[in-house]
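# Chains, contacts and geometry: an overview
So you can see what is in the structure, the chains are spelled out below.
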Amino acid sequence: MNQTGALHVEKAGPQALLQDAGRFGVRHLGITQGGPVDWHAAGWANALLGNDSGAPVLEIAIGGLSLVAQCRTTLALCGADLGACLNGTTLLPWQRFGVHRGDRVTFDLPRGGLRAYLAAPGGWLGEVSLGSVACVTREGFGGHKGGGQPLETGDELQFPKKPPNDLPANTAVPQAQRIDYQQPAGLPLIPGGQIAGFDGDSLYWVFNRQWAVDTRADRMGIRLTGPELVCRNAAMVSEGIPAGAVQVPPDGQPICLMNDRQTIGGYPRVGTLTPVARARLAQCPAGHPVHFQACGMEKARLTTPLG
């Protein structure tokens, strides 16, 4: 008896990656963490199916993906509105839905946000590398078939079958937990790093000027454009950098480092984005307005609950 279900990849799209909670305990080896850049949406997709919050989900960037169900099951979709359809009928995010064998789930172009998360009962199956299936293409780790490979046309995306009566009562995410990605993004930032080395104008601009997401943005880092920030410090020795670190290179335009960042860096930092801020920034397209909000450690620990 076949103990797994599957979706056939009819069209792969630009980037669809398998991501679990991430790869930890290996940064001393120069290996980054991976994991969903919008952990909030990914966590809710898993919650709707009763999965562990870090179970593998499919992170779908931009859209252009077409999947065909190979069996009857229940899936959950959260995060960006990528114009998803089930057999040609609009499929809105932040809910779970049923599919039958032969049903087609498609994703078009972004309408709000950049990344959608598709979850399956029990989590998608992938190749474990250093304790995680998180797909990091640059380093060649994880993914649904190993080697850090994204989904390709013709692939089979598998999941363990699960009894349909095992699902939680809630079929959709509470309205209060759904993010309107079309609104300007406020990004809580914990001041730190080399912030004392920036001049007075720069410190004012960080928190009192609007920034815009640059076209140079990916899972490694997201550049912002705005006033030029000036740091008076001399050249610094490279140091370990956490997810969300906001570095300022010589051009004075900040870079917010994300899940697939390098493990060390030598640019001065004005601080670190909170996890909530990182998740929000991950859904901002090029040109989207953002602004930093000074945040203390205690407030930063109050992350958005998953129910």
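Residues numbered from 1 in each chain as written. Predicted model: local features only at pLDDT ≥ 70, side-chain atom pairs only at ≥ 80, totals over all residues. Heavy atoms only, no water.

### Description of the pattern of salt bridges
Rules: For this document, the term salt bridge refers to a Lys or Arg side-chain nitrogen within 4 Å of an Asp or Glu carboxyl oxygen. Strands here are runs of E lasting at least two residues and helices are runs of H or I lasting at least four, both read from the DSSP assignment and numbered beginning at the N terminus. The buried label goes to any residue with under 20% of its type's maximum accessible area, the exposed label to any with over 50%, and the partly exposed label to all in between, with areas taken from a 1.4 Å probe on protein chains only.
Applying the stated criterion across every chain, the model contains 10 salt bridges. Here Asp-251 ties to Arg-223 by a salt bridge, and the two come within 3.9 Å at their closest N and O atoms. In this pair, Asp-251 sits in the loop between β16 (245-247) and β17 (255-257) while Arg-223 sits in strand β14 (residues 221-225), placing the two residues 28 residues apart along the sequence. A relative accessible area of 24% places Arg-223 in the partly exposed class. Ionic contacts of the salt-bridge type, sharing partners, join the residues Glu-59, Arg-115, Arg-219 and Asp-260 into one network.

### Some points on the sheet that holds strand β12 (residues 185-191)
As a reminder, the rule being used: The pairing criterion is simple: DSSP has to find at least two bridges between the two strands. Axis lines are fitted to C-alpha atoms, over the contacting stretch for helices. Their N-to-C directions set the angle, which ranges from 0 to 180 degrees. Residue contacts are counted whenever heavy atoms from the two residues lie within 4.5 Å of one another.
Judged by pairing direction, the barrel is mixed, and its seven strands sit side by side in the order β12-β19-β16-β17-β14-β13-β20 before closing back on the first. Averaged over all pairs of adjacent strands, the angle between strand axes in this sheet comes to 40°, irrespective of strand direction. Docked against the sheet, helix α2 (residues 200-208) engages β12, β13 (211-217), β19 (269-273) and β20 (289-294), running at close to 115° with respect to β20.

### Remarks on the environment of Asp-20
To be explicit about the condition: Nitrogen and oxygen atoms within 3.5 Å of one another constitute a polar contact, given that in protein one can donate a hydrogen and the other can accept it, and given that sequence-neighbouring residues count only through two side-chain atoms.
Mapped onto the fold, Asp-20 is located in the loop between β2 (15-19) and α1 (39-47). Separated by 35 residues in sequence, Asp-20 and Ala-55 place their C-alpha atoms 5.3 Å apart. The contacts of Asp-20, once residues within four sequence positions are left out, are Gly-35, Pro-36, Gly-54, Ala-55, Pro-56, Ser-132, Val-133 and Ala-134. Reaching out from Asp-20, the side chain makes a polar contact with the backbone nitrogen of Ala-134 at a distance of 3.4 Å.

### Notes on unusual backbone geometry
The backbone of Asn-87 shows a phi angle near 55°, a positive value even though the residue is not glycine. Secondary-structure assignment places Asn-87 in the loop between β6 (85-86) and β7 (89-90). Judged by relative accessible area, which is 44%, Asn-87 ranks as partly exposed. Positive phi, normally seen in glycine, also occurs at Leu-130, with a value near 55°. Relative to the helices and strands, Leu-130 resides in the loop between β10 (112-119) and β11 (156-160). The class of Leu-130 is partly exposed, set by a relative accessible area of 45%.

### Quick look at the packing of aromatic side chains
What characterises a pair of aromatic rings is the spacing of the ring centres plus the angle enclosed by the ring planes. Note the following rule: Ring pairs shown here join Phe, Tyr and Trp side chains whose ring centres sit within 6.5 Å, with only the six-membered ring taken for Trp; geometry is labelled stacked below 30 degrees between planes, edge-to-face above 60, and tilted in between.
Within the structure shown, the criterion is met by three aromatic pairs. Relative to Phe-159, the ring of Trp-124 lies with its centre 5.6 Å away and its plane at 85°, an arrangement referred to as edge-to-face. Taken together, the positions of Trp-124 in the loop between β10 and β11 and Phe-159 in strand β11 put the pair 35 residues apart, joining distant regions of the chain.

### Concerning the pairing of β2
Of all five residues in β2, four are buried, a share of seventy percent or more. By the bridge criterion, five bridges tie β2 to strand β3 (residues 57-61) in an arrangement that is antiparallel. In the strand pairing of β3, Gln-15 is matched with Ala-61.

### Some thoughts on the nonpolar core
It is characteristic of soluble globular proteins that their nonpolar side chains tend to be buried jointly. Operational definition: Throughout, nonpolar core names a set of buried Ala, Val, Leu, Ile, Met, Phe, Trp, Tyr and Cys residues whose side chains join them through atoms within 4.5 Å.
By size, the foremost hydrophobic cluster in this structure holds 37 residues, and its most contacted members are Cys-78, Leu-187, Leu-224, Leu-273, Leu-281, Val-290 and Phe-292. Among the elements that make up this core, the one with the highest residue count is α1 (four residues). Once you skip the residues sitting within four places of it in the chain, Leu-281 turns out to touch Leu-187, Val-213, Ile-222, Leu-224, Cys-256, Met-258, Leu-273 and Val-290. Formed by 30 residues, the second largest nonpolar core is a distinct cluster that contains Leu-65, Ala-69, Ala-116 and Leu-151.

### Concerning α1
Taken across its nine residues, α1 has seven buried, putting it largely inside the fold. Regarding α1, the residues found buried are His-40, Ala-41, Ala-42, Gly-43, Trp-44, Ala-45 and Asn-46. Structurally, α1 contributes buried residues whose contacts are with β3, β5 (73-81), β10 and α3 (275-281). At the N-terminal boundary of α1, the capping side chain belongs to Asp-38, with an oxygen 3.2 Å from the backbone nitrogen of His-40.

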